Amino acid sequence: MEPPDARAGARGAPWLLVFALLLGAHPGAKAEVRLSVPPLVEVMRGEPVTLDCTPLGAHDHFVLEWFLADRSGVRHRLASAELHGTELQDKVHDSRGRSPPYQLDSRGRLVLAEAQVGDERDYVCLVRAGAAGTAEATARLNVFAKPEATEVSPNRGTLSVMEDFAQEIATCNSRNGNPAPQITWYRNGQRLEVPMEVNSEGYMTSRTVREASGLLSLTSTLYLRLHKADRDASFHCSVHYRLPTGRHGRLDSPSFRLTLHYPTEHVQFWSGSPSTTAGWVREGDSVQLFCRGDGSPNPEYTFFRLQDKQEDVLKTNLEGNLTLEGVQRSQSGTYGCRVEDYDAAEDAELSKTLELHVAYLDPLELSTGEELSLPLGNSTTVNCSVRGLPTPALRWTKVRGKDVPPAQDPPLPSTPPFSHGRPGLLFLSPPRTRYPWGTTPHSPSAPSPSIPPAPTRVRPPCPRSPSLVAPGASSCWSKLAEPAPGGQGWLSSSLTLKVTSALSRDGISCEASNPYGNDRHVFHFGTVAPQTSQAGVAVMAVAVSVGVLLFVVAAFYCMRRKGQPGCCRRGEKGSPPPGEPELSHSGSERPEQTGLLVGSASGGARHGSRGFGDEC
């Protein structure tokens, strides 16, 4: 209800206007009342707000009043203040049920402690300054409220792409905002430009509701005609709302996907088990077969095996998986998968097949057993048989010993690949006898073995080992053989001898033997040059020296025996003086040396006898 003073002011308004015009027409009249009021005030819901109304100029007395104008234009006085000198007296007349109530500060400004959506009105400030006149101004208050989190409710049913009209996709809700927000729809991040009018391709509807709190809630529903490409599409909605000072906000809903029904167009069928080269699977492994159609929802899958052009059904399920445990070689063959989709097009290929190859390898079989012993020089054939798929290939390898790395085992000629069940053959022939210097025995080009620099003495009797024998001799020389460096199974033996004429003439032989046989090689050294000239000179020099010594001794002896008759004759016929060495001739010395020594001694004796005879 409007207060009485307000109605009185309204009735007297025409007279005041006439009075003001008359005053303005008078040359001495002054109307100095002016107000400072912001025309628009924006605030977030729940925040405090102050509406300013300040009279401009100097005034000793004035009355300030605040009015609330409703939507019909009727004013309701809320509060007033009167200035007397420097003191301002204020009074709140009607808060109109607001909590907390309106307030006036010390400057006559209207204070709202917590802005509410219901406070969003026009507020009028009226100032009466007596003779100075009257002035008024209006301030518009806008209250903003951020809406709650955006909610989306997608259609959880199965939507068919075979329909020829737009179907409901989802509903988007924005609650308790102010002013009313806007809702937009997105597919794969791209904004959907759909109209509000109903049509077969797509549209949306919108509805706004004012809550009891005065806030606004908005609901939007999207309708689209769907296609198979939408099976992986991501949808969401966004709420756009306004904020003070021209700012904007956005709240996105969670994204969602649709469950679509569309027929199968293509089928894939494959094996997911570990396989060897070219798709073979090992015998005994488990094999998994997978079948997938591109229809939705998943159709029924039928697995079968083709035998004599007949389908042997193995399993039917909705998962599209088939496991074959411990496959055997007999399970090799053609397997198939068929999709049971009755909505598919007539020309759609709904069946696929694949070939399953089971690889196997049976143990090797040798015709001679695992060990084979042969006399040296004999030949034999070894038969190795194996069955397997894919076609196995045999390779023969000579293993030289446990101390030799496998990578160094020399491969033997391998048999070419053959069909499963056929044997591989290896022909073993006697090896050619080899010697450390690489030639055969009695070869004219065989070089002589090198003689080690340090001589080694050997003595009979000969052990059972490689030995050196002088042809025609009753004894032999041998040295224990040692392994030859770098030669598996080879032995090495060396011997140092003084070369004589007999050895030069007859040579020396080396013989090696083991329980399976023996072998022999003769070494020849060539002709040894004689060394008699040097030996004769040496013997002659010794004989001359001895003869001179004997002559001197005999002369000295005769001089000591002067005057004694027959002294020299006794010296001629007597034996050598005591202590004089005798010449010994070894039977082993050379004839020329012996003759030289004998001749020299005899000549000396004869010459000495003649001297002694003359002296005496």
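Cut-offs applied
- Residues numbered from 1 in each chain as written.
- Predicted model: local features only at pLDDT ≥ 70, side-chain atom pairs only at ≥ 80, totals over all residues.
- Heavy atoms only, no water.
- Pairing = 2+ DSSP bridges.
- Helix = DSSP H or I, 4+ residues; strand = E, 2+ residues; numbered from the N terminus.
- Axes fitted to C-alpha atoms, helices over the stretch in contact; angles between N-to-C directions.
- Polar contact = N/O pair within 3.5 Å; in protein donor to acceptor, adjacent residues only side chain to side chain.
- Contact = heavy atoms within 4.5 Å.
- Phe/Tyr/Trp six-rings, centres within 6.5 Å; stacked < 30°, edge-to-face > 60°.
- Buried < 20%, exposed > 50% of the residue type's maximum accessible area, 1.4 Å probe, protein only.
- Lys NZ or Arg CZ within 6 Å of the ring centre and 35° of its normal.
- Core = buried A, V, L, I, M, F, W, Y, C linked by side-chain atoms within 4.5 Å.
- UniProt positions renumbered as here; feature names shortened; annotations may be inferred.
- Disulfide = S-S within 2.5 Å.
- Lys, Arg positive; Asp, Glu negative; His and termini not counted.
- Salt bridge = Lys/Arg side-chain N within 4 Å of Asp/Glu carboxyl O.

Chemist: How should the sheet that holds strand β18 (residues 216–224) be read in this particular structure?
Modeler: By way of backbone hydrogen bonds, the strands of a sheet pair with one another, either parallel or antiparallel. Read across the open sheet, the 4 strands follow the order β12-β14-β18-β17; overall the sheet is antiparallel. Strand pairing shows two members of the sheet lacking a second neighbour, β12 (151–154) and β17 (202–210), which therefore form its edges. Put simply, the sheet's adjacent strands are angled 15° from each other on average, direction ignored. As paired strands, β12 and strand β14 (residues 167–177) are joined by 4 bridges and run antiparallel to one another. Bridged to Pro154 within β14 is Ala170.

Chemist: It is not clear to me how the side chain of Thr150 should be interpreted in this structure. Could you clarify?
Modeler: Tracing the sequence through the fold places Thr150 in the loop between β11 (134–144) and β12. Side-chain polar atoms of Thr150 contact the backbone oxygen of Leu251, separated by 3.0 Å. Not counting the four nearest positions on each side in its chain, Thr150 is found in contact with Cys172, Asn173, Cys237, Val239, Leu251, Asp252, Ser253 and Pro254.

Chemist: Teacher, can you tell me more about the packing of aromatic side chains here?
Modeler: Two descriptors summarise a pair of aromatic rings, namely the distance from one centre to the other and the angle between the planes of the rings. Within this structure, the stated rule accounts for 4 aromatic pairs. For the ring pair Phe235 and Phe256, a centre distance of 5.8 Å and an interplane angle of 25° mean the geometry is stacked. Linking Phe235 in strand β19 (residues 235–242) with Phe256 in the loop between β20 (248–252) and β21 (259–261), this pair joins segments that are 21 residues apart in sequence. Residue classification places Phe235 among the buried positions, given a relative accessible area of 0%. Plain terms: the ring middles of Phe269 and Phe303 are 6.1 Å apart, the flat faces sit at 50° to each other, and that makes the pair tilted. Linking Phe269 in strand β22 (residues 267–271) with Phe303 in strand β25 (residues 300–307), this pair joins segments that are 34 residues apart in sequence. The ring of Tyr102 is capped by Arg98, whose NZ or CZ atom sits 5.6 Å from the centre of that ring.

Chemist: Would you explain the sheet that holds strand β8 (residues 103–104) in this entry?
Modeler: Taking strand neighbours across the sheet as the criterion, the 3 strands line up as β3-β9-β8 in an open arrangement whose pairing is antiparallel. Edge positions in the open sheet fall to β3 (49–51) and β8, since each of these has one partner strand only. Summarising the sheet, β3 and strand β9 (residues 110–112) pair through 3 bridges and their orientation is antiparallel. Among the inter-strand pairings, Val49 is bridged to a residue of β9, identified as Leu112.

Chemist: Would you mind showing me how to read the pairing of β18 here?
Modeler: Taken residue by residue, a regular strand's side chains alternate between the two faces of the sheet. Of all 9 residues making up β18, 9 are buried, and the element is well covered by its neighbours. A two-sided burial pattern is seen for β18, the buried positions comprising Leu216, Leu218, Ser220, Leu222 and Leu224 on one face and Ser217, Thr219, Thr221 and Tyr223 on the other. Where β17 meets β18, 9 bridges bridge the pair, whose relative direction is antiparallel. Bridge assignment links Val209 to a residue of β18, and that residue is Ser217. Hairpin connection between β17 and β18: a loop of 5 residues separates the two successive antiparallel strands, and Gly214 in this loop has a positive phi of roughly 90°.

Chemist: How do you make sense of the nonpolar core when you look at a structure like this?
Modeler: One finds Trp66, Leu110 and Tyr123 to be the most contacted residues of the largest nonpolar core, which totals 31 residues. Every element with two or more residues in this core is listed here: β2 (40–44), β3, β5 (61–69), β6 (75–84), β9, β10 (122–128) and β11. With 5 residues, β11 is the largest single contributor of residues to this core. By size, the runner-up hydrophobic cluster in this structure holds 23 residues, among which are Leu159, Met204, Leu260 and Tyr262.

Chemist: Can you walk me through the UniProt feature "domain: Ig-like" (unreviewed entry) in the protein in this structure?
Modeler: Per the UniProt record, the feature "domain: Ig-like" (unreviewed entry) sits at residues 27–142, 147–257, 274–355 and 363–398. A distance of 20 Å separates the end C-alpha atoms of residues 363–398, which is 0% helix and 28% strand.

Chemist: Explain the pairing of β6 here, please?
Modeler: Looking at chain direction, β5 and β6 are connected through 9 bridges and run antiparallel. In the sheet register, Trp66 faces β6, and the bridge partner there is Ala79. Between β5 and β6, which pair antiparallel one after the other, the connecting turn spans 5 residues, and Gly73 there sits at a positive phi close to 95°. As defined by bridge partners, β6 adjoins strand β7 (residues 87–92) across 6 bridges and the pair is classed as antiparallel. Paired with Ser80 across the bridge in β7 is Lys91. Taking the residues that link successive antiparallel strands as the turn, the β6-β7 hairpin has 2 residues, and the phi of Gly85 there is positive, at about 70°.

Chemist: I'm lost on the state of the cysteines in this one. Help?
Modeler: Simply put, the disulfide is a covalent bond whose two ends are the sulfur atoms of two cysteines. This model, assessed by the stated rule, comprises 3 disulfides. Between the sulfur atoms of Cys53 and its disulfide partner Cys125 the distance amounts to 1.7 Å. Every disulfide takes its handedness from the sign of the S-S torsion; for Cys53 and Cys125 that torsion is -75°, giving left-handed. One end of the pair, Cys53, is in the loop between β3 and β4 (54–56); the other, Cys125, is in strand β10, with 72 residues separating them in the sequence.

Chemist: Is there a simple way to explain the side chain of Asp52 in this structure?
Modeler: Along the chain, Asp52 falls in the loop between β3 and β4. Within the buried set, Asp52 has no salt-bridge partner at all; the shortest N-O distance to an opposite charge, 4.5 Å, is to Arg107. Among the polar contacts listed, one links the side chain of Asp52 to the side chain of Thr54, at a separation of 3.0 Å. For Asp52, the contacting residues outside a window of four places in its chain are Ser36, Val37, Pro38, Trp66, Arg107 and Arg109.

Chemist: I would appreciate a short explanation of the environment of Ala135 in the present structure.
Modeler: Locating Ala135 in the fold gives a position in strand β11. In this view, Ala135 contacts Val33, Leu35, Cys125, Leu126 and Val127; residues no more than four positions away in its chain are not counted.

Chemist: Got a minute to help me understand the pattern of salt bridges in this structure?
Modeler: For side chains bearing opposite charge, pairing can occur when the charged atoms are close. Counted according to the given criterion, the structure contains 19 salt bridges. Between Arg98 and Asp119 there is a salt bridge, with the nearest N and O atoms lying 2.6 Å from each other. Of this pair, Arg98 sits in the loop between β7 and β8 while Asp119 is found in the loop between β9 and β10, placing the two residues 21 residues apart along the sequence. The class of Arg98 is buried, set by a relative accessible area of 9%. Judged by its relative accessible area of 3%, Asp119 falls in the buried class. In this structure, Glu265 and Lys228 form a salt bridge, with 3.2 Å as the shortest nitrogen-oxygen distance. Pair noted here: Glu265 is in the loop between β21 and β22 and Lys228 is in the loop between β18 and β19, with a separation of 37 residues, a long-range link.

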